Amino acid sequence: VDELLRCGICFEYFSIAMIIPQCSHNYCSLCIRKFLSYKTQCPTCCVTVLESDLKNNRTLDELVKSFSSARQQLSQLVLDAPGVCSKLPAGQNHGKNPAPRLTLKEEVPKIDGFLKKAEDCTSPKAGGLARAGQRTLNTEKEEHNLHSSSVAEADGKESGVGPQGSPESHEKPSTSVVKGVQKVECPVCGVAIPEQYINKHLDSCLTREEKKDSLRSSAHKRKPMSKVVYNLLSERDLRKKLKELGLSTHGTRQQLVRRHQEFVHTYNAQCDSLHPKSVAEVVKELEKNEKIRVKLEMNKPSENTMTFTKEQTEKEIDEIHSEY
């Protein structure tokens, strides 16, 4: 599960997950946007894809959120679990065979406790739905058991009447046990729903339009920025664009292009989020990343590089290589 919830580009948990409809592969919004500026294809299967093809995968974002909170508790359970026999020193293993059994017994209530905690942590609405679903399943099981027991009793009575039971008496109960699930068509969307779930479905179906509108408004709060063809842009215009966005205008043309490119990618990635960061926050994040990058480049030791010229002889080059 941990591997499935990680992006195939950065290998971190999905951050604003985006799905490629052509191949159903998922990536972080920022990662895939940066990759597509380098090559317009899926990094996994190489199918042709454009930025406009990308779609949000909200379910995956929720899964990452839930798994991240559960992972910490599960890790704590493993750490709190008593040591297994194999972890003990060699001298203590003899004559203590029941130890692993005890640990297994002790672990069960801990896991049960974790599951109970997880149920408590869920939202009241989700919990109510889960409990309602559980109750319906339990009632169904009870009904099925009562029905099967009554059929078995009837079978016994019929078989007790005559010494030889007719084959018909054995066939009838099997057909009566298999009960077809009655489906009712939803008056709103027209989808066939099992009769017992029709009220629950109607509640969600009637509020779906409101939810859709709210999601649409939040998802399209900001329009993504269009790409810039930097070769056709003069350095003066480029500095002007950076100044308008509140970014630094210092540095070489290459640095300016990279700065603007990173801003566009980060800004467009935030447009995919339900709660996007403001322009000021994006600028602050980029400045922080740039300072870290410059610091790392400055601290890079110079002796870790090999430098030689065309005029140097083969012997001199070999000496530089051996020193390196």
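Our structure's up above, just so we're on the same page.
Conventions used here
- Residues numbered from 1 in each chain as written.
- Predicted model: local features only at pLDDT ≥ 70, side-chain atom pairs only at ≥ 80, totals over all residues.
- Heavy atoms only, no water.
- Patch = residues over 30% accessible without salt bridge, like charges linked within 9 Å, V, L, I, M, F, W, Y side chains within 5 Å.
- Areas by Shrake-Rupley, 256 points an atom, 1.4 Å probe, with all protein chains shown as cover.
- Salt bridge = Lys/Arg side-chain N within 4 Å of Asp/Glu carboxyl O.
- Lys, Arg positive; Asp, Glu negative; His and termini not counted.
- Charge placed at Lys NZ, Arg CZ, Asp CG, Glu CD.
- Helix = DSSP H or I, 4+ residues; strand = E, 2+ residues; numbered from the N terminus.
- Pairing = 2+ DSSP bridges.
- Expected span 1.5 Å × (residues − 1).
- Buried < 20%, exposed > 50% of the residue type's maximum accessible area, 1.4 Å probe, protein only.
- Phe/Tyr/Trp six-rings, centres within 6.5 Å; stacked < 30°, edge-to-face > 60°.

Trainee: How should a negative patch on the surface be read in this particular structure?
Mentor: Taken together, Glu314, Glu316, Asp318, Glu319 and Glu323 make up a surface patch of like negative charges. Structurally, Glu323 can be placed in helix H11 (residues 314-323).

Trainee: How do you make sense of the pairing of strand S1 (residues 17-20) when you look at a structure like this?
Mentor: Pairing analysis gives 4 bridges linking S1 to strand S2 (residues 25-28), with the strands arranged antiparallel. By the bridge assignment for S2, Ile20 is matched with His25. Between the end of S1 and the start of S2, which pair antiparallel, lie 4 residues, with Ser24 showing a positive phi angle near 65°. Inspection of the sheet shows S1 paired to strand S3 (residues 55-56) by 2 bridges, in the antiparallel sense. Its bridge partner being in S3, Met18 is matched across the sheet by Asn56.

Trainee: What is the right way to look at helix H9 (residues 253-271) in this model?
Mentor: Because an α-helix completes one turn every 3.6 residues, residues spaced three or four positions apart along the sequence face the same direction. Taking 1.5 Å of rise per residue, 19 residues should cover 27 Å, and H9 covers 27 Å from first to last C-alpha, within 8% of that figure. For H9, the buried fraction is high: 14 of the 19 residues fall into the buried class.

Trainee: Honestly, the pattern of salt bridges in this entry has me stumped. Any pointers?
Mentor: Where charged atoms from two side chains of opposite charge approach closely, those side chains can pair. Throughout the structure, instances matching the rule amount to 10 salt bridges. Its salt-bridge partner being Asp2, residue Arg6 comes within 2.8 Å of it at the nearest N-O pair. The class for Arg6 is partly exposed, based on a relative accessible area of 26%. The salt bridge involving Lys227 is made with Glu51; its shortest N-O contact spans 3.1 Å. In this pair, Lys227 sits in the loop between helix H7 (198-219) and helix H8 (235-245) while Glu51 sits in the loop between helix H1 (29-38) and S3, placing the two residues 176 residues apart along the sequence. With relative accessibility at 19%, the residue Glu51 sits in the buried group. Salt bridges linked by common partners bring Arg33, Glu51, Lys227 and Asp272 together as one network.

Trainee: In this structure, what is going on with the packing of aromatic side chains? I would like to understand it.
Mentor: Note on aromatic pairs: each is described by the distance of the centres and the angle between the planes. Summed over all chains, the structure comprises 3 aromatic pairs. Judged by centre distance (6.1 Å) and plane angle (70°), the rings of Tyr13 and Phe67 are edge-to-face. Taken together, the residues Tyr13 in the segment before S1 and Phe67 in helix H2 (residues 58-80) connect sequence positions 54 residues apart. Residue Phe67 is classed as buried on the basis of its relative accessible area, which comes to 18%. Here Phe35 and Tyr38 contribute two aromatic rings whose centre-to-centre distance is 5.8 Å and whose plane-to-plane angle is 75°, an arrangement assigned as edge-to-face. Highlighted residues: Phe35 and Tyr38, both in helix H1, separated by 3 residues, approximately one helical turn. Among the residues examined, Phe35 registers a relative accessible area of 21% and is labelled partly exposed.

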